[in-house]
Amino acid sequence: MDERIRASDADRDHITTRLREHFAAGRLTSDELDERVSAALKAKTHGELRQLMTDLPEPAPAAPRSTRRPYPPGPPWVVRRRGPRLLPVMLLVLLAALLPGGHWLFFGVLQAVMVFWLVACLGGIFAMSRSRRHHRHWL
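Note that the structure is a prediction, hence the values are computed from the model and not measured. (Residues numbered from 1 in each chain as written. Predicted model: local features only at pLDDT ≥ 70, side-chain atom pairs only at ≥ 80, totals over all residues. Heavy atoms only, no water.)

Now for the overall build of the protein chain. Along its length, the protein chain carries 5 helices and 0 strands. Secondary structure elements in the protein chain, listed N-terminal to C-terminal, are α-α-α-α-α. Looking at the 139 residues of the protein chain, the share that counts as buried comes to 16%. Put simply, of all contacts in the protein chain between residues at least 6 apart along the chain, 56% involve residues at least 24 apart. Split by element, the accessible area of the protein chain, about 12200 Å² in all, is 64% carbon and sulfur. (Helix = DSSP H or I, 4+ residues; strand = E, 2+ residues; numbered from the N terminus. Buried < 20%, exposed > 50% of the residue type's maximum accessible area, 1.4 Å probe, protein only. Contact = heavy atoms within 4.5 Å. Areas by Shrake-Rupley, 256 points an atom, 1.4 Å probe, with all protein chains shown as cover.)

Below, the discussion takes up the layout of surface pockets. By volume, the largest pocket is sized at about 160 Å³. Taken together, 10 residues make up the lining of the largest pocket; nearest its centre are I15, R18, H46, L49 and R50. Among the secondary structure elements, those contributing two or more residues to the lining of the largest pocket are α1 (9-24) and α3 (46-52). Per-element accounting of the lining of the largest pocket gives the leading share, 4 residues, to α1. (1 Å grid on protein atoms, 1.4 Å probe; cavity = no way out; pocket = protein on both sides within 12 Å on 5 of 7 lines; lining within 4 Å. Points joined across faces, edges and corners; volume = space filled by probe spheres on them.)

Moving on: the pattern of salt bridges. What the rule picks out here adds up to 4 salt bridges. E3 serves as the salt-bridge partner of R50, at 3.2 Å between the closest nitrogen and oxygen. Taken together, the residues R50 in helix α3 and E3 in the segment before α1 connect sequence positions 47 residues apart. Look at E3 and you get partly exposed, because its relative accessible area is 39%. Here E58 ties to R18 by a salt bridge, and the two come within 3.7 Å at their closest N and O atoms. With E58 in the loop between α3 and α4 (86-98) and R18 in helix α1, the pair connects residues that are 40 residues apart, well separated along the chain. A residue is classified by how much of its surface remains accessible, and R18, at 11% relative accessible area, is buried. (Salt bridge = Lys/Arg side-chain N within 4 Å of Asp/Glu carboxyl O.)

Quick look at the side chain of R12 now. Among the structural elements, R12 can be located in helix α1. According to the relative accessible area criterion, R12 is buried, its value standing at 13%.

Below, the discussion takes up the packing of α1 against helix α2 (residues 30-42). Where α1 meets α2, the axes come as close as 9 Å, and the angle between the chain directions of the two elements is 175°. For the element pair α1 / α2, the angle class is roughly antiparallel. Across the interface between the two elements, R12, I15, T16, L19, R20 and F23 of α1 pack against S30, L33, R36, V37, A40 and L41 of α2. Of the residues that constitute the contact of α1 with α2, the class distribution is 7 nonpolar, 2 polar and 3 charged. (Axes fitted to C-alpha atoms, helices over the stretch in contact; angles between N-to-C directions. Parallel < 35°, antiparallel > 145°, perpendicular 65-115°, else oblique. Nonpolar A, V, L, I, M, F, W, Y, C, P; charged D, E, K, R; others polar.)

On the surface, a cluster of negative charge is made up of D31, E32, D34 and E35. Within the secondary structure, D34 sits in helix α2. With a relative accessible area of 52%, D34 lands in the exposed category. (Patch = residues over 30% accessible without salt bridge, like charges linked within 9 Å, V, L, I, M, F, W, Y side chains within 5 Å. Lys, Arg positive; Asp, Glu negative; His and termini not counted. Charge placed at Lys NZ, Arg CZ, Asp CG, Glu CD.)

The subject of this paragraph is α2. The α-helix advances 3.6 residues per turn, and as a result positions three or four apart in sequence lie on the same side. A rise of 1.5 Å per residue sets the reference length of α2, with its 13 residues, at 18 Å; its end C-alpha atoms lie 18 Å apart and thus fit the reference within 8%. When α2 is considered as a whole, its buried residues turn out to be L33, R36, V37 and A40. The buried residues of α2 occupy an angular sector of 100° when the element is viewed end-on, so they sit on one face. Exposed residues on α2 whose side chains face more than 90 degrees from its buried face are D31, D34, E35 and K42. Contacts made by the buried residues of α2 are with α1 and α3. (Expected span 1.5 Å × (residues − 1). Arc of directions from axis to C-beta.)

Such coordinate-based values are descriptive only and should not be taken to indicate function.
In structure tokens form, the structure reads like this:
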């Protein structure tokens, strides 16, 4: 960047922030900080701002983000999934439907799933109403 280009307020603020960070790290005394901050606020060009920072180190670059997977690496042909495994359940339901006389078993399994779903929904509604009542009590 050309040193003759005029500095903006944001540039001056950025330099004063960095000077305060160097002061906090012990690289500047309070007198040096005061001198440099007042010079930064009076600076008109980027060259003047750059001169205030010449004897101070640049900020460390940000650490690269980790690309680790949340699960241990394994063979590429093994697919790792989260959540319930529906394929085995669906295969059992299909097998029950295709067996001779298995359609009754299929409807029995379907009925059991529907009863479980109904109980879970009612339990959720009951728990939510208790939670709201309990929450209102503490407001």
